[in-house]
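Below, each chain spelled out in residue letters.
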Amino acid sequence: MYNYILSIAAVFIGSIIVFIFRPSNQKNLKLLLAFSGAFLLAITIFDLLPEVFEDNQFAKRTGVWIMLGILLQKILEFFSKGAEHGHVHLDKNTYQIPVLLFISLGLHAILEGFPVHHTDGILLGIIIHKIPIAMILTTFLLNTKINTTVIIITLVVFALMTPLGTFISEYFYAAKHYYKEINALVIGIFLHVSTTILFESNEGHKFNITKLLVILIATATAYII
């Protein structure tokens with residue numbers, strides 16, 4: 001049960017921070033996003049990858065599923081405009097929630113919920129990833145002309161998507177039967193999102209020692225966990 005509660009709480013924490021404090025320091029938010037990307041990447045490599053390849057007689061087929069996950073995320077980003085890794089581009093004059101954006105984010109969130117109940121580390125990775133994403137998403141929504149009540153309902157629905165994925169993976173036979181394939185798909189998604197966060201060019205292509213330290217701390221933390 002705590003898996004469901006914590007994944008929901010991550011979105012609420014990020015949104016509440018924005019609603020109450022209205023943070024304006026984008027540098028700190030980018031560092032938090034870098035930490036989340038590094039942690040998610042490290043957890044994927046340390047925990048999820050060994051799990052899907054352990055005692056696996058069909059390793060090449062598993063690799064195909066990972067590549068499909070990378071390609072699927074690329075397609076989702078065509079509709080979400082990169083919201084999964086911190087790039088939300090909305091018309092500030094809009095009065096309506098962009099449907100394609102939230103369908104894409106919802107599908108991404110459902111899939112990332114599948115491995116949660118198997119690995120505590122991946123739950124923590126998703127939590128750390130969701131907080132800055134929720135902050136960025138909430139900030140952009142509040143800067144539009146969308147009704148505040150609609151924004152809150154949208155964020156609540158978004159918060160429920162990852163627990164829905166966890167529920168499906170636990171109680172649906174098909175999800176259990178194809179668990180390794182789905183997990184490999186999720187690994188591809190995580191690899192794409194986390195590496196995009198980490199390896200996007202810095203402004204002016206400058207070396208950022210602070211970002212490097214944040215990445216190293218996140219990686220070490222994931223390894224210890």
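Residues numbered from 1 in each chain as written. Predicted model: local features only at pLDDT ≥ 70, side-chain atom pairs only at ≥ 80, totals over all residues. Heavy atoms only, no water.

Draft legend 1. A look at the overall build of the protein. When you go through the protein residue by residue, the secondary structure sums to nine helices and zero strands. When the helices and strands of the protein are read in sequence order from the N terminus, they spell out α-α-α-α-α-α-α-α-α. The C-alpha atoms of the protein give 17 Å as radius of gyration, which agrees with the globular expectation for 225 residues (17 Å, within 12%). Its C-alpha atoms give the protein principal-axis dimensions of about 55 × 40 × 30 Å. (Helix = DSSP H or I, 4+ residues; strand = E, 2+ residues; numbered from the N terminus. Rg over C-alpha atoms; globule rule 2.2 N^0.38 Å.)

Draft legend 2. Region of interest: the side chain of Gln73. If you trace the backbone, Gln73 turns up in helix α3 (residues 59-80). Not counting chain neighbours up to four residues away, the residues in contact with Gln73 comprise Glu84, His108, Ile189, His192 and Val193. (Contact = heavy atoms within 4.5 Å.)

Draft legend 3. A look at the nonpolar core. Core analysis: the biggest nonpolar cluster contains 60 residues, and Phe102, Leu105, Ile122, Leu137, Leu141, Ile187 and Phe190 have the highest contact counts within it. Secondary structure elements with two or more residues in this core: α1 (2-21), α2 (26-53), α4 (99-112), α5 (120-142), α6 (148-171), α8 (179-199) and α9 (209-224). The greatest single-element share of this core, amounting to 13 residues, is contributed by α5. Among all residues touching Ile122, those that are not within four sequence positions of it are Leu40, Ile43, Thr44, Leu48, Pro115, Val116 and Phe190. (Core = buried A, V, L, I, M, F, W, Y, C linked by side-chain atoms within 4.5 Å. Buried < 20%, exposed > 50% of the residue type's maximum accessible area, 1.4 Å probe, protein only.)

All quantities given are derived from atomic positions and should not be read as evidence of function.
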